[in-house]
Each structure stands twice: as structure tokens, then as C-alpha cells.
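Inside the fold
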Amino acid sequence: MFLIVREMKILQNVQLPVDSVVEIASDGFIGGKYVRIQAGSSAKNIDNNSTASNTKNVVSIEQTATHVVLYEYKQNAWHKCDVEGSCFLVTTTVNASNVPPIYYKLIILNRNSNDNFIMNVTAKLQAQHQEPYLIVKNNAAIQGIWFHAAAERVDMYQTLQNTIQKLKQGHV
């Protein structure tokens, strides 16, 4: 694992909560990198000349798929979203004392735009393998992920189910 130290200045009139998260993000699959700041919800703001301690890191890639297409189920029908590309199930951490140390995310690197699909994988996530889709239900949203390679769909489903089971049992 590598540690990257990046210094940046933020205008004095910009107020950022102390629980904001800083990450190096990608501008598409082959695009450049940039610093993304996700504003927190704390009432206390970061002081001048302070160091950001909340940083987000991908620790490992649990499963991959070369090409998928995202669909959404609404109004009793499947609708194709403008999201397709490589799919990853990843383990991430947020380097902060006030949050759990490990998260799982399902990410589709969207080749159609800079808006990647990112879904938090939690113990409440429901996954179902219904050929030719991997169907996921997160809260009220139902999405279907079509996989170009059937074997990759099966592998992603099994890894996702194992991850959800670990989360339910509190092993992470």
C-alpha cells in the first residue's frame, strides 16, 4: 500500500465540516485524476492550515466484470440507464475515527459519461441472480445489471452474496 501526500489550499471563505472526506477520484476509466471533497455534516468547520485526516482508499478489488449494462426497474418495467462499462466489487476504508473502518462498494466505471455508478454494499442489500441479470435492491431502488459474460455474472453474484453474509454476521 502506498501513502500519497497532497497539499492543497482552499479559499478562506469556503467552510468545510471537520468530518468531510477527501479522495483522489478518476475522471472516467482512462481520464485524469482529481481531488474530490465530500462535505460532512459536522457543525464544526476545518481550521485554517489544518490537515485533512478523513481520506478514502480502495483497499482491494474483490471481483470484476469486463462489461456490464445497468437497468432500473420502475413503473413495472425495466429501463436501460446510461451506465455501462467495467464493474468492480471493492473494499474501501475511510481513514477516520468516527466511521466504521471497512466498506464495500459496487462500482460501474461508466464509459458513457463521467458519472460512475457507485452503490454501497450493506447488510440490508438484497441480491438475486436471475439470468441474464444480477438484480440488486437497495432501499426502494431495484436495479438489474446485465453482464456480457455469464460466468462473470455468476462470480459477481457469489462474491456479493458472501460479502452481504459477512456484513450480516458482523465479520467486518
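Refer to the preceding data block for the structure.
So, here's what we can say about the structure. (Residues numbered from 1 in each chain as written. Predicted model: local features only at pLDDT ≥ 70, side-chain atom pairs only at ≥ 80, totals over all residues. Heavy atoms only, no water.)

**Some thoughts on helix α1 (residues 150–169)**
To keep it simple, the criterion reads: Helix numbering and strand numbering both begin at the N terminus, where a helix is a DSSP run of H or I of at least 4 residues and a strand a DSSP run of E of at least 2. A helix is expected to span 1.5 Å for every residue after the first. Residue burial is assigned from relative accessible area. The probe radius is 1.4 Å, only protein chains are included, and a residue is buried under 20% of its type maximum, exposed over 50%, and partly exposed in between. Note that the arc is defined by the directions from the helix axis to the C-beta atoms.
Under the 1.5 Å per step criterion, the end-to-end length of α1 is 29 Å for 20 residues, consistent within 8% with the ideal 28 Å. Those residues of α1 lying buried are Glu152, Arg153, Met156, Thr159, Leu160, Thr163 and Ile164. The buried side chains of α1 occupy one side of the element, clustering within an arc of 140° when seen end-on. Summarising the geometry of α1, the exposed residues directed more than 90 degrees from the buried face are Ala151, Asn162 and Lys168. Once α1 ends, the next one or two residues include Gly170, with phi positive near 75°.

**Thoughts on a nonpolar patch on the surface**
To keep things clear, this is the line we draw: Only residues whose relative accessible area exceeds 30% and that take part in no salt bridge are eligible for patches, with like-charged residues grouped when within 9 Å of each other and nonpolar side chains (Val, Leu, Ile, Met, Phe, Trp, Tyr) grouped when within 5 Å. For the area figures, the Shrake-Rupley method with a 1.4 Å probe applies, and any residue is considered shielded solely by the protein chains shown. Salt bridge, as applied in this entry: a Lys or Arg side-chain nitrogen positioned within 4 Å of an Asp or Glu carboxyl oxygen.
Among the surface-exposed residues, Ile10, Leu11, Val14 and Ile37 lie close enough to one another that they form a single nonpolar patch of about 340 Å² accessible area. Tracing the sequence through the fold places Leu11 in the segment before β1 (21–26). Residue Leu11 is classed as exposed on the basis of its relative accessible area of 62%.

**Quick notes on the nonpolar core**
Put simply, the test is: What is meant by a nonpolar core is a set of buried Ala, Val, Leu, Ile, Met, Phe, Trp, Tyr and Cys residues, joined one to another through side-chain atoms within 4.5 Å.
Counting residues in hydrophobic clusters, the biggest one holds 21 residues, and the most contacted among them are Leu106, Val121, Met156 and Leu160. Of all elements in the fold, only β3 (56–74), β4 (77–94), β5 (103–110), β6 (117–121), β8 (133–138), β9 (141–147) and α1 reach the threshold of two or more residues within this core.

**Quick look at the environment of Pro132**
Just so we agree on the cut-off: In this description, contact between two residues means that some pair of their heavy atoms is separated by no more than 4.5 Å.
As for its position among the elements, Pro132 is in the loop between β7 (126–130) and β8. For Pro132, a relative accessible area of 32% puts it in the partly exposed group. As a C-alpha pair, Pro132 and Ala149 span 17 residues in sequence and 9.5 Å in three-dimensional space. Setting aside residues no more than four positions away along its own chain, Pro132 makes contact with Ile145, Trp146, Phe147 and Arg153.

**Side note on the environment of Leu89**
With respect to the helices, strands and loops of the structure, Leu89 is situated in strand β4. With 31 residues separating them in the primary sequence, Leu89 and Asn120 have C-alpha atoms 9.9 Å apart. Residues within four places of Leu89 in sequence aside, it is in contact with Ser60, Ile61, Glu62, Gln63, Lys105, Leu106, Val121, Met156, Thr159, Leu160 and Thr163.

**As for the pattern of salt bridges**
Counting across every chain of the model gives 4 salt bridges. Of the charged contacts, one joins Arg111 and Glu84 as a salt bridge, the two residues approaching to 3.2 Å between their closest N and O atoms. In this pair, Arg111 sits in the loop between β5 and β6 while Glu84 sits in strand β4, placing the two residues 27 residues apart along the sequence. A relative accessible area of 59% means that Arg111 is categorised as exposed. On the accessibility criterion, Glu84 (12% relative accessible area) is buried. In this structure, the salt-bridge partner of Arg153 is Glu131, at a minimum N-O distance of 3.9 Å. Residue Arg153 is located in helix α1, and its partner Glu131 is located in the loop between β7 and β8; the two are separated by 22 residues in the primary sequence. What makes Glu131 exposed here is its relative accessible area of 67%.

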